[in-house]
Amino acid sequence: MKIRNAVSIGTILILSLQAGLFAQTTGKISGTVLDAEDGGALMGANVIIEGTQLGAAAGTDGSFYILNIPPGTYDLRIRMMGYKDYLLTNLRVSVNRTSEVNIQMESTVMKGDVVVVTADRLAVKKDQTGSIRNVSAEEIAVLPVESASDVIQLQAGVVDGHFRGGRLTEVSYLVDGMKVDDTFGGEGRVVDVETEAIQDLEVITGTFNAEYGQAMSGVVNVVTKDGGNAFHGSVSGAMAGYVTKRDHIFIGLPDDNFKSFWGNLPEYARQNDIKIQLDGPIIKDRLTFFVNYRNEDNDNYLNGIRRFNVTDYSDYESPYQQGWFTMDTGDSAYVPLDYSKNQSLMGKLTLKGKQAKLSLSYTRDLNEWMAYNDNDMDGASGSGYQFKYNPDGKTSKHRETDMIAAQLNHMFAKNAFYELKAYVKQSTYGHYLFEKPGDSGYEPFIYLANQNHTGFYTGGQGRNHDTNDSDDFNLKFDLTWQADRHHSLKTGIVYTDIRFSIADAQIIDLNPEADFSPGLPDDSTAFADIYTQEPMELSAYIQDKMEFNEMVINAGLRFDYYDLNTTHPSNWRNPANTDRSESSRLSDELETKPEYQISPRLGLSYQLGKTAVLHFSYGHFFQMPPYYALYSNHSRTIQTDGNTRLGNPTLKAEKTISYEIGLWQEIANDMSVEVALFYRDIYDLLTVNVVETYYAVRYGLYGNIDYANSRGLELKYDMRHQNFTANLNYTLQYTRGNSDNPSTTFDRAGENQDPIPYLVPMSWDQRHTLNLSMGYNTRRYGATLTAKYGSGRPYTYEPVAQSVMSRVNLYINNDLRPPTFTLDLRSFYEIPLKGNYRLRFMLSVYNLLDRLNTNWVESSTGQAYTRILLPGDYNSHKSDFNTVYDRVQNPSAYYAPRLVKLGMGIFF
């Protein structure tokens, strides 16, 4: 693996070994120790977390705190001469949270007396000043989910990856406190952690503290597991297949016959899943390891048919069928067109000392996938769906990510510790048919034909060839100081150095006058955008968490600095300085000035009695647009077709001002309800402005003028009684803006339409979202059901020209898609074997009721799989292997049918 900053991280490792290492992924326990009879403070009482070296002694007022505790469930023992030992069991500690306990000890003259109390599973959320959900490893293990993304999607305020009405680019993803976002594309993350390797998942959908930056809507922080002092492991395998009565829609899937399914599972399997995990000690109490591996091969539910090979040539130009010529040499086999192949590996070494921890980790993700509707022609008309009968010509996507991380934690005083963490990350992304542009597998373009006549390609290959190689180096230092019982001060600084190389191109014939010679054009043409950039980011923050008897206040300030290390033209009407006819039109290259922002954060919570907490929060959140909007079209070549878009290095940061008020109430033992109201103003959103050159050629220039706002209500209910759990959340949300993606204004200009003059619903503005999980789980067996309901997201209704409605100026997102409902099941049963070994059988069923849920709809009908066809549509269709309805009946308009997954594994 080639990593640019290997020397830098090597230096950090040497320093870390001298001081000890750990990650910024810990919580705190605080409370008081009092006499049960008279309420007096028991100064000097020893408070110990069993099984660890962590503890504290109560002060003169009986108060204590224990800092720097990894997330998990602990037993807390309190000892005092003349009093019975007090053992508090199953106390939950979460990331960046304070678990408060108030102990009342009983006097005794007998040694060995112990009072055992079980901690409330729903602790008072006294220090929660915003909407935060911490999902533990135990909770994740019983949910019917396949990935961390599935867990995130179950949280209140989240709709298809959008947090509280924001765009997909407004969320930041962290692993052990380290940023793993796709900074170039702006959406999602480039490092995945399997659910079995997650110790704690923190999902913040509301306002967040000053330590978090480069996010406007939400933050997801995944805390990974460490090894322990005992060996644990598992080896499991699973197969999954679709059992549906919708096989007339989803071609290539078996019919709805459970008996046939169970009898022919290997043949029917569309998914194979292998998982291996092992952790334990290398040196007991000192050095541990943790390893997690997964190999997942998914064919998914969308197939094509290999009727044609890529070198087949057909001709349907003649107006008469007798003049048509068809070459179809394919084998008519079903071929997956929506597959994914994923491998993930995470290894971690943890060295523990009395006051320090050293953690070194390596993560590798290897992904290959194909999206059914992806455009394979780099801007040409049509989509990947048109390769349905020529599947071998369809391009696929690839990503390979390697990350090495060092994490430092040193508790140099009983009330202070610092954390240093660093990583180097290399990620390679590609979208192509063959990795090498000059691969001999590419065929002449003459075979790529007939999509206009038949609706589908009868030969040929996709020409996309996009690559993105990025190297990131990140260094972060945090210092936490518990100044006194009431003030926890935290400050930190983050430095990020990024280098990425982009080649956004399509295959051309480099020698059209001779034999076919495939390859990539140079950067000066319209067929390629090739460049390398090295931006830098720097941020710092300071915050004070003030904890009083009934009130907690979080106040902070954040500073963000961005240096794009590039230039921009002084005259955007002549960006490449090609027009030299007049001196006033000349354009100079100017150094792009760095950008910086200062953002305040404030949150407070107030305890109402012993069972309720009121919270309020306010914050300013800044985020630079994705790097593609800053750097794209490096050569600044303007084409006359009106489709050119230029990156703009002078873009400002996008900005959100967020408000939230909420109430948490315990309504009974092991039962609570929480309600939150929020409002967000989102300014300077990314858009594409229309610029006209001196030659009257219009092009798009990325800018900051879009606006949106969102408001809503979230309701959460939690109930946990012994082995039974129930979690319900409901979101009522309104999201409005003048554009739901950066290209809306520019695309409308290309169709001679004015910009939208008022706020319209965003395409993810789902009014009602409901998630319910109910489960009964013991150590040996259990089952969990999850129900998900969405009231339907907006789409743009566009009536056909013959309708009188076509004369009305309808804006985007003017109607709603049908609602969706899904019921998922996860269950298991264990059989004890010799020693600590257990045989586990696992059954998961996704879309248990086999509902036909709509994913997207046709704009003329508002229905999936259905379009109004006009006489011209029938007359223009020329084919001897399909009908005109085949153009309309796209199965990706529906979500996946019922999937049954059966697995078995050995656990110890």
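Residues numbered from 1 in each chain as written. Predicted model: local features only at pLDDT ≥ 70, side-chain atom pairs only at ≥ 80, totals over all residues. Heavy atoms only, no water.

K.L.:
Provide a residue-level description of the overall build of the protein, including the pertinent values.
P.N.:
Secondary structure summary: the protein contains ten helices and 48 strands in total. Computed over C-alpha atoms, the radius of gyration of the protein comes to 30 Å, within 12% of the 29 Å expected from 2.2 N^0.38 for 908 residues, which places it in the range of a compact globule. Across its three principal directions, the C-alpha atoms of the protein cover 105 × 75 × 55 Å. In the protein, buried positions account for 55% of the 908 residues. Surface summary for the protein: the accessible area is close to 38,600 Å², and the carbon and sulfur share equals 54%. Seen as two clouds, the 83 positive and the 110 negative side-chain charges of the protein have centres 6 Å apart. (Helix = DSSP H or I, 4+ residues; strand = E, 2+ residues; numbered from the N terminus. Rg over C-alpha atoms; globule rule 2.2 N^0.38 Å. Buried < 20%, exposed > 50% of the residue type's maximum accessible area, 1.4 Å probe, protein only. Areas by Shrake-Rupley, 256 points an atom, 1.4 Å probe, with all protein chains shown as cover. Lys, Arg positive; Asp, Glu negative; His and termini not counted. Charge placed at Lys NZ, Arg CZ, Asp CG, Glu CD.)

K.L.:
Before we move on, could you go through the packing of aromatic side chains and cite the residues and values that matter?
P.N.:
Within the structure shown, the criterion is met by 31 aromatic pairs. Ring geometry for tryptophan 369 versus tyrosine 429: centroids 6.4 Å apart, planes at 45 degrees, classification tilted. Placement of tryptophan 369 in strand S22 (residues 356–369) and of tyrosine 429 in strand S24 (residues 416–432) is noted, with a sequence separation of 60 residues between them. Taking the relative accessible area as the measure of exposure, tryptophan 369 reaches 24% and is therefore partly exposed. Lying across the ring of tyrosine 173, arginine 189 places its NZ or CZ 5.0 Å from the centre. (Phe/Tyr/Trp six-rings, centres within 6.5 Å; stacked < 30°, edge-to-face > 60°. Lys NZ or Arg CZ within 6 Å of the ring centre and 35° of its normal.)

K.L.:
Lay out the side chain of serine 236 in plain terms, naming residues and giving numbers.
P.N.:
Topologically, serine 236 is positioned in strand S16 (residues 232–242). Looking at serine 236, the relative accessible area reads 11%, which means it is buried. Contact partners of serine 236, with chain neighbours within four places excluded, come to Asp273, Ile274, Lys275, Met842, Met904 and Gly905. (Contact = heavy atoms within 4.5 Å.)

K.L.:
So, the sheet that holds strand S5 (residues 72–79): which residues are in play, and what are the values?
P.N.:
Each strand in a sheet pairs with its neighbour through backbone hydrogen bonds, running either in the same direction (parallel) or in the opposite one (antiparallel). On the basis of which strands lie adjacent, the open sheet formed by five strands has the order S3-S2-S5-S6-S8 and mixed pairing. Single-partner strands in this sheet number two, and they are strand S3 (55–57) and strand S8 (114–118). Adjacent strand axes in the sheet meet at a mean angle of 20 degrees, parallel and antiparallel pairs treated alike. Where strand S2 (residues 46–49) and S5 come together, four bridges link them in antiparallel fashion. Among the inter-strand pairings, isoleucine 48 is bridged to a residue of S5, identified as arginine 77. (Pairing = 2+ DSSP bridges. Axes fitted to C-alpha atoms, helices over the stretch in contact; angles between N-to-C directions.)

K.L.:
Let's hear about the sheet that holds strand S15 (residues 218–224): which residues, and what values?
P.N.:
Across the sheet, five strands lie side by side as S9-S14-S15-S12-S13; this open sheet has mixed pairing. Two strands in the sheet have a free side with no partner beyond their single neighbour: strand S9 (132–136) and strand S13 (178–179). Relative to strand S14 (residues 198–204), S9 is paired through five bridges, and the arrangement is antiparallel. Along S14, the bridge assignment pairs asparagine 134 with glutamate 202.

K.L.:
Describe the pattern of salt bridges, listing the residues and the values that go with them.
P.N.:
Under the defined criterion, the tally for this structure stands at 52 salt bridges. Arginine 364 is the salt-bridge partner of glutamate 400, the closest N and O atoms lying 2.9 Å from each other. Placement of the pair is glutamate 400 in strand S23 (residues 396–413) and arginine 364 in strand S22, with a sequence separation of 36 residues. With a relative accessible area of 31%, glutamate 400 lands in the partly exposed category. What emerges from the salt-bridge pattern is a single network uniting Glu146, Glu194, Asp273, Arg294, Glu296 and Lys901. (Salt bridge = Lys/Arg side-chain N within 4 Å of Asp/Glu carboxyl O.)

K.L.:
How would you sum up the pairing of strand S39 (residues 698–721)? Please name residues and give values.
P.N.:
With two bridges connecting them, strand S36 (residues 645–646) and S39 associate as parallel partners. By the bridge assignment, arginine 645 is partnered in S39 with glycine 700. Between strand S38 (residues 671–692) and S39, which pair antiparallel in sequence order, lie five residues; one of them, alanine 696, sits at a positive phi of approximately 65 degrees.

K.L.:
Go over the nonpolar core, please, and point to the residues and values.
P.N.:
Within the largest apolar cluster, 29 residues are counted, with the highest numbers of intra-cluster contacts made by Ile152, Phe163, Ile198, Leu201 and Val220. Elements that contribute at least two residues to this core include exactly helix H3 (148–153), strand S12 (171–175), S14, S15 and S23. Look past the residues within four positions of isoleucine 152 in its chain and what remains in contact with it is Val158, Phe163, Tyr173, Leu201, Val203 and Val220. One finds Trp324, Tyr846, Phe881 and Tyr894 within the second-largest nonpolar core, a separate group that totals 25 residues. (Core = buried A, V, L, I, M, F, W, Y, C linked by side-chain atoms within 4.5 Å.)

K.L.:
Which residues make up the environment of aspartate 331, and what values go with them?
P.N.:
Note that aspartate 331 resides in the loop between strand S19 (303–305) and strand S20 (334–336). At a separation of 3.1 Å, a polar atom in the side chain of aspartate 331 contacts the main-chain amide nitrogen of alanine 333. (Polar contact = N/O pair within 3.5 Å; in protein donor to acceptor, adjacent residues only side chain to side chain.)

K.L.:
Lay out a nonpolar patch on the surface in plain terms, naming residues and giving numbers.
P.N.:
A cluster of nonpolar side chains, Tyr776, Tyr781, Tyr829, Ile831, Leu833, Tyr837, Phe841, Met904 and Ile906, forms an exposed patch at the surface whose accessible area comes to about 820 Å². Elements with a contribution of two residues or more to the nonpolar patch: strand S46 (820–832) and strand S48 (899–907). Within the fold, tyrosine 829 resides in strand S46. Take tyrosine 829: its relative accessible area is 40%, and that puts it in the partly exposed class. (Patch = residues over 30% accessible without salt bridge, like charges linked within 9 Å, V, L, I, M, F, W, Y side chains within 5 Å.)

K.L.:
Help me get a handle on the environment of glycine 700, residues and values and all.
P.N.:
Relative to the elements of secondary structure, glycine 700 occurs in strand S39. We classify glycine 700 as buried; its relative accessible area is 0%. With residues near it in sequence (within four places) discarded, glycine 700 still touches Thr644, Arg645, Leu646, Val688, Asn689 and Phe746.

K.L.:
Outline the side chain of lysine 388, supporting the account with residue identities and numerical values.
P.N.:
Topologically, lysine 388 is positioned in the loop between S22 and S23. Relative accessible area serves as the criterion here: at 7%, lysine 388 is assigned to the buried category. There is a polar contact of 2.9 Å between the side chain of lysine 388 and the side chain of aspartate 886. Once you skip the residues sitting within four places of it in the chain, lysine 388 turns out to touch Ile251, Gly304, Ile305, Leu337, Tyr372, Phe456 and Asp886.

K.L.:
Please give an account of the confidence of the model for the protein that cites residues and values.
P.N.:
Summary statistics for the protein give a mean pLDDT of 90 and a share of 94% for residues scoring 70 or more. Between residues 1–23, whose pLDDT stays under 50, and residues either more than four places distant or in other chains, the model counts 61 contacts. (pLDDT = per-residue confidence, 0-100.)

K.L.:
Pulling in residues and values, what's your account of the environment of serine 361?
P.N.:
By the element assignment, serine 361 lies in strand S22. Separated by 72 residues in sequence, serine 361 and phenylalanine 289 place their C-alpha atoms 9.6 Å apart. The contacts of serine 361, once residues within four sequence positions are left out, are Gly347, Lys348, Met403, Ile404, Ala405 and Gln407.

K.L.:
I'd like a description of unusual backbone geometry, backed by residues and values.
P.N.:
For residues that are not glycine, phi is negative in most cases, and the peptide bond is trans in most cases. A positive phi angle is found at arginine 164, which is not glycine, with a value near 50 degrees. Backbone geometry at asparagine 752 places phi at a positive 60 degrees, although glycine is not the residue there. Counting through the fold element by element, asparagine 752 comes out in the loop between helix H8 (744–750) and strand S41 (760–761). Exposure remark for asparagine 752: the relative accessible area of 68% places this residue in the exposed category.

K.L.:
Give me the lowdown on the pairing of strand S31 (residues 551–563), citing residues and values where you can.
P.N.:
By the bridge criterion, twelve bridges tie strand S30 (residues 536–547) to S31 in an arrangement that is antiparallel. Counterpart to isoleucine 542 in the pairing with S31 is leucine 557. Linking S30 back to S31 in an antiparallel pair, the connection comprises three residues. Summarising the sheet, S31 and strand S34 (residues 595–607) pair through twelve bridges and their orientation is antiparallel. Pairing of tyrosine 562 across the sheet is with glutamate 595, part of S34.

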